[in-house]
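Topology and contacts: notes
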Amino acid sequence: MANLNGGIIGADNTPTANKITTFTSSGTLSTSSASTEAEYLVIAGGGGTGNTGAGGGGAGGYRTGTLSVRASTGYSITVGAGGAGGDTGSNGNNSVFTADLATITSTYGAGATGFQSAGVDGGSGSGAGARCNDVGGDGNTPATTPSQGNAGGDSEHTGIAAGGGGGGAGAVGGDARDTTSGEFKDGGNGGAGTASSITGTSVTRAGGGGAGQDNGGEKGDGGAGGGGDGTDSSNASTAGTANTGGGGGGGGNPGPGNDSSGAAGGSGVVIISENSGGVTVANGVWDMQAVYTYVKSGVWA
């Protein structure tokens, strides 16, 4: 039944929710017939890690915001894979949302190459390797506003010392940690990720990977949001969680002849929330701008 309100007659329409599309692999976003704006969350693949006291892998770059889109139009989406782990870690891969007026690129999570290696720059940086007395890689590289990630953690000195944790979207990676013996055997923890409610539920993603331990220390824990744990004397390193962009956990150095492999980074994800073009006021109540918008887009009935 139509309603009369201030001279504007409208149908009884039920308010509609935003259209949410989640891409766990590359594809095409097909916007709805009334879309004009899209909120996006674009996360790149996390960094993989190497063996023998590697730092933690950096989380994939994390970008969120809003862009104008056209109705009934296709837009390219690229979802970056996580970097490989093993003897030598590798960077993740970029994720991209290509719109009309801007291209949103989230940069790969940095890979951690292993023993006595400085951290690598990326969306979030990887942690420095064991026994190198060096710094973690820089995050937010290249720079975006707001920042897409954070730096990896440091290794403390060239003696017995584990690596630093990978940077996360929400926090820097932790440095190698001192043990009760005065040696920095414990791997740095991965930096925490960042929470988003773009799907209607708060989910934390893009945590950094924990570093492997050195010579009998403790592993670094992966950062909240899919970061993998580093190696210790009893447990292998773990990969970053798929479709979170989490960094891989670093391979450890349990002792002579017991070097352990690193782990892969988690794949990225792209999530798009389109404005529905549906009714956003009470049934039968329409302002003139709404009438114009819906008549022009063909959804007024």
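Just above sits the structure.
Structure report, in brief. (Residues numbered from 1 in each chain as written. Predicted model: local features only at pLDDT ≥ 70, side-chain atom pairs only at ≥ 80, totals over all residues. Heavy atoms only, no water.)

1. So, unusual backbone geometry
Our working definition: Helix numbers and strand numbers start at the N terminus; a helix is a DSSP run of H or I with at least 4 residues, a strand a run of E with at least 2.
Here the bond from Thr141 into Pro142 is cis, since omega is -5°, no more than 30 degrees from zero. Here the bond from Thr145 into Pro146 is cis, since omega is -5°, no more than 30 degrees from zero. Tracing the backbone shows Pro146 in the loop between β9 (103–106) and β10 (194–196). Positive phi values are uncommon outside glycine, yet Arg131 reaches one of about 60°. Along the chain, Arg131 falls in the loop between β9 and β10. Positive phi is not limited to glycine here, since Ala206 has a value of about 65°.

2. Notes on the sheet that holds strand β7 (residues 74–78)
Test applied: In this description, strands pair whenever DSSP reports at least two bridges between them. For every element, the axis is a line fit to its C-alpha atoms; helices are fit only across the contacting stretch, and the angle between N-to-C directions ranges from 0 to 180 degrees.
Overall, antiparallel pairing links the 4 strands, which are arranged β4-β7-β8-β9 in an open sheet. Edge positions in the sheet fall to β4 (27–30) and β9, since each of these pairs with one other strand and no more. Across the sheet, the mean angle from the axis of one strand to that of its neighbour is 20°, orientation sign disregarded. Of the strand pairs in this sheet, β7 and strand β8 (residues 95–98) are connected by 2 bridges, and their pairing is antiparallel. In the sheet register, Thr78 faces β8, and the bridge partner there is Val96.

3. Focus on the sheet that holds strand β5 (residues 37–43)
On the basis of which strands lie adjacent, the open sheet formed by 4 strands has the order β3-β12-β5-β6 and antiparallel pairing. The open sheet has two edge strands, β3 (19–23) and β6 (62–68), and neither has a second partner. Each strand axis lies, on average, 15° off the axis of its neighbour in the sheet, ignoring direction. As defined by bridge partners, β5 adjoins β6 across 7 bridges and the pair is classed as antiparallel. Its bridge partner being in β6, Val42 is matched across the sheet by Arg63.

4. Let's talk about the pattern of salt bridges
Here is the rule we go by: Each reported salt bridge corresponds to a side-chain nitrogen of Lys or Arg within 4 Å of a carboxyl oxygen of Asp or Glu.
Under the definition given, this model contains 5 salt bridges. Arg131 is the salt-bridge partner of Asp214, the closest N and O atoms lying 2.8 Å from each other. A residue pair is termed long-range when its members are at least 10 positions apart, and Asp214 in the loop between β11 (203–205) and β12 (269–274) and Arg131 in the loop between β9 and β10 qualify at 83 residues. Asp229 is paired through a salt bridge with Lys219; the nearest N and O atoms lie 3.5 Å apart. Here the residue Asp229 occupies a position in the loop between β11 and β12, and Lys219 occupies one in the loop between β11 and β12, the gap between them amounting to 10 residues. Taken together, the salt bridges that share partners define one network made up of Lys219, Asp221 and Asp229.

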